[in-house]
Amino acid sequence: MFLLSSDERSVRKALDMRIRSLYLHRRLIVLIKMAIFLVVIVLSILFINSEIKNVFIKFSKSQEEKKIMKDLEIDQLLPPEEVELPPMPGFEKVERHPDTVYMSTTICGDRIEQAIIMIKSAIALCRNPLHIILMTEDHLRDPIEEAVNSWSQDSMKHVTFEYHGIMYPDWLNVSEWKWLYSLCSTHKIFLPSSLRHIDAVVLADTDVLFLRPVTEFYNHIRRFRPENVMGLAIESPAPRTGWYPSHRINIPIYKDQGLNGGVWLMNLTRLRQFRFERRIHAVYEKYKERDLFYGDQDIVSIFFSYYPDRAYVYPCNWNFRTSHCNADETCDSAEREGVALLHGISSACHILRNKEEYLTSFGAPYDVYHKYQLGMDLKRYLLEPMKESIKQLRPRAWCYRAKDLLAKGLENYLQELVDEKLANSSLNKLNN
């Protein structure tokens, strides 16, 4: 072992201190650089956020300006404000039970049978007072009344009917509108002026079936925001698939998805106040040369692209269509709760491959409702035959993958009735 002299130890100590000082100095410089770097990053982030915010504000303003311009574009086409007309003679507003549900449908041509089955499905499950407004061609009224009068009177105690002819506003080119897409399909657009004595209504095409009470659907009107005038279903749920994203490239469409034209919730009072009929006529005049393949549905989808805040979008299980059987257009609310309303677009409820096999799975519940007699036990004569008919479907039937959803809504509803009865019974026992 070598011993260092005192001078050597002093030199060694001085070197150690010098090295340590240099090390600390370098660390300090690194820390200062890191601090400066972090400050720069923070300032950059604040600057970028500020710029993004400015861009967003500019974008929002530009979108708002575009919306105002679009509104003006239609507003400029409107005629002067008209005097509000009173209800039609014989159809003054009638005070009904506050829980009354109002439903309307238009029946033209050869749609009597499916209209009768649709009405039957609404009556069968509705426990509230139900007022049904039928808009029909004059020669169809007698066979409709004959079918309605054949139903059990006990099952009809809560139901009232009102009949109207097919009426269009006198300022309209009726021959042009009546045959747009299919016979009378545009008539429902003009319900606000036809039903001036009614505040709100469920509008259903004849090709639908109720699998839960129409009351539940009608109650969605109470969920409207103050600006909403109509409740509709999205036509093409998937952003890049479906009819509108694929085909409608030359007209503006509500959120690029479109809205379905078959089942609407209509606040008629708000629609009248908003001059809906005049506005939608202006939309039609502007775009009628653009190949409106689906007529009324295209017009409504264009209309709400101008006024998107006026639309209330209800859950898809209240307008379940064959398109929801596609892998990229499934209906989440139907998956969870079952189908509440079945919409048999393109004759989906009727088409048979032969007498023993349905081409679509929608034919099964339709046929069961066809055979069902109002007033009969719902579980034994409606639900159980429907489940059995669905079980007999073959895998190649269109919408086979959704077959387990078709009776699920009805089954859940009947179980809720049982649970409600048991709860009331238990409550009565406690009170006694």
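As a reminder, the structure under discussion sits directly above these lines.
No experiment lies behind these values; they were computed from the predicted model shown. (Residues numbered from 1 in each chain as written. Predicted model: local features only at pLDDT ≥ 70, side-chain atom pairs only at ≥ 80, totals over all residues. Heavy atoms only, no water.)

**Some remarks on the overall build of the protein**
Note the threshold: The helix count covers DSSP runs of H or I at least four residues long, the strand count covers runs of E at least two residues long, and both are numbered beginning at the N terminus. For the exposure calls, accessible area comes from a 1.4 Å probe over protein chains only, and a residue counts as buried if that area is under 20% of its type's maximum, exposed if over 50%, partly exposed in between. Residue contacts are defined here by distance: any two heavy atoms, one from each residue, within 4.5 Å place the two residues in contact. Calculation of accessible area relied on Shrake-Rupley with a 1.4 Å probe; when residues are assessed, cover is drawn exclusively from the protein chains displayed.
A tally of regular secondary structure across the protein gives 15 helices and 11 strands. The buried share among the 432 residues of the protein stands at 45%. The long-range share in the protein, meaning contacts at least 24 apart out of those at least 6 apart in sequence, stands at 77%. Carbon and sulfur atoms make up 55% of the accessible area of the protein, which totals about 23900 Å².

**Details of the pattern of salt bridges**
Oppositely charged side chains can form a pair if their charged atoms are brought close together. What counts, and what does not: When a carboxyl oxygen of Asp or Glu is within 4 Å of a side-chain nitrogen of Lys or Arg, the pair counts as a salt bridge.
All told, the structure shown has 16 salt bridges when counted by the stated rule. Between Glu416 and Arg212 there is a salt bridge, and its shortest N-O distance comes to 2.7 Å. With Glu416 in helix H15 (residues 408-431) and Arg212 in the loop between strand S5 (208-210) and helix H6 (214-218), this residue pair connects regions lying 204 residues apart in the sequence. Between Glu227 and Arg225 there is a salt bridge; the shortest N-O distance is 2.8 Å. Because the salt bridges share partners, they merge into one network encompassing Glu176, Glu285 and Lys288.

**Describing empty space enclosed by the protein**
The condition is simple: Here a cavity denotes grid points, spaced 1 Å and computed from the protein atoms alone, that fit a 1.4 Å probe unable to get out, and a pocket denotes an open set having protein on both sides within 12 Å along at least 5 of 7 lines; residues with an atom within 4 Å of a point are the lining. Grid points are joined across faces, edges and corners, and a volume is the space filled by probe spheres set on the points.
Per the stated rule, a full pass over the model turns up 1 cavity of 30 Å³ or more. By volume, the largest cavity is sized at about 60 Å³. Taken together, Gln114, Ile117, Met118, Thr206, Asp207, Val208, Leu209, Gly344, Cys349, His350 and Tyr366 make up the lining of the largest cavity. When residues of the lining of the largest cavity are traced back to their parent elements, those giving at least two are helix H2 (112-125) and S5. Per-element accounting of the lining of the largest cavity gives the leading share, 3 residues, to H2.

**Examining the pairing of strand S2 (residues 130-136)**
Operational definition: Note on pairing: DSSP must find at least two bridges between two strands before they are called paired. Handedness rule for crossovers: strands pointing away from the viewer, path from the first strand over the helix to the second running clockwise, crossover right-handed.
Burial analysis of S2 places 7 of its 7 residues in the buried class, the great majority of the element. Both faces of S2 are covered, namely the face carrying Leu130, Ile132, Leu134 and Thr136 and the face carrying His131, Ile133 and Met135. Bridge count between strand S1 (residues 101-107) and S2: 7 bridges; the pairing is parallel. When the sheet's bridge partners are listed, Thr105 is paired in S2 with Leu134. With H2 bridging S1 and the parallel S2, this β-α-β connection has right-handed handedness. Examined bridge by bridge, S2 and strand S3 (residues 159-164) share 6 bridges and lie parallel to one another. Across the sheet, the residue bridging to His131 is Thr160, located in S3. Following the backbone out of S2, through helix H3 (residues 141-149) and into the adjacent parallel S3, one traces a crossover that is right-handed.

**Considerations on the sheet that holds S1**
The line we're drawing: Between N-to-C directions, angles span 0 to 180 degrees; the directions come from axes that are lines fitted to C-alpha atoms, helices contributing only their stretch in contact.
Strand order across the open sheet formed by 7 strands is S3-S2-S1-S4-S7-S6-S8, with mixed pairing between neighbours. In this open sheet, the two strands that pair with only one neighbour each are S3 and strand S8 (311-313). The mean angle between the axes of side-by-side strands here comes to 25°, regardless of whether they run parallel or antiparallel. Across the sheet, H3 lies against S1, S2 and S3, angled at about 175° from S3, the strand it touches most.

**A few points about the side chain of His343**
Basically, it comes down to this: Any N or O atom pair separated by 3.5 Å or less is treated as a polar contact, with the protein-specific requirement of one donor-capable and one acceptor-capable atom, and with residues adjacent in sequence counted only for side-chain atom pairs.
Along the chain, His343 falls in strand S9 (residues 341-343). Of the polar contacts made by the side chain of His343, one reaches the side chain of Asp207; its length is 3.3 Å. Polar contacts involving the side chain of His343 include one to the side chain of Asn260, which spans 3.5 Å.

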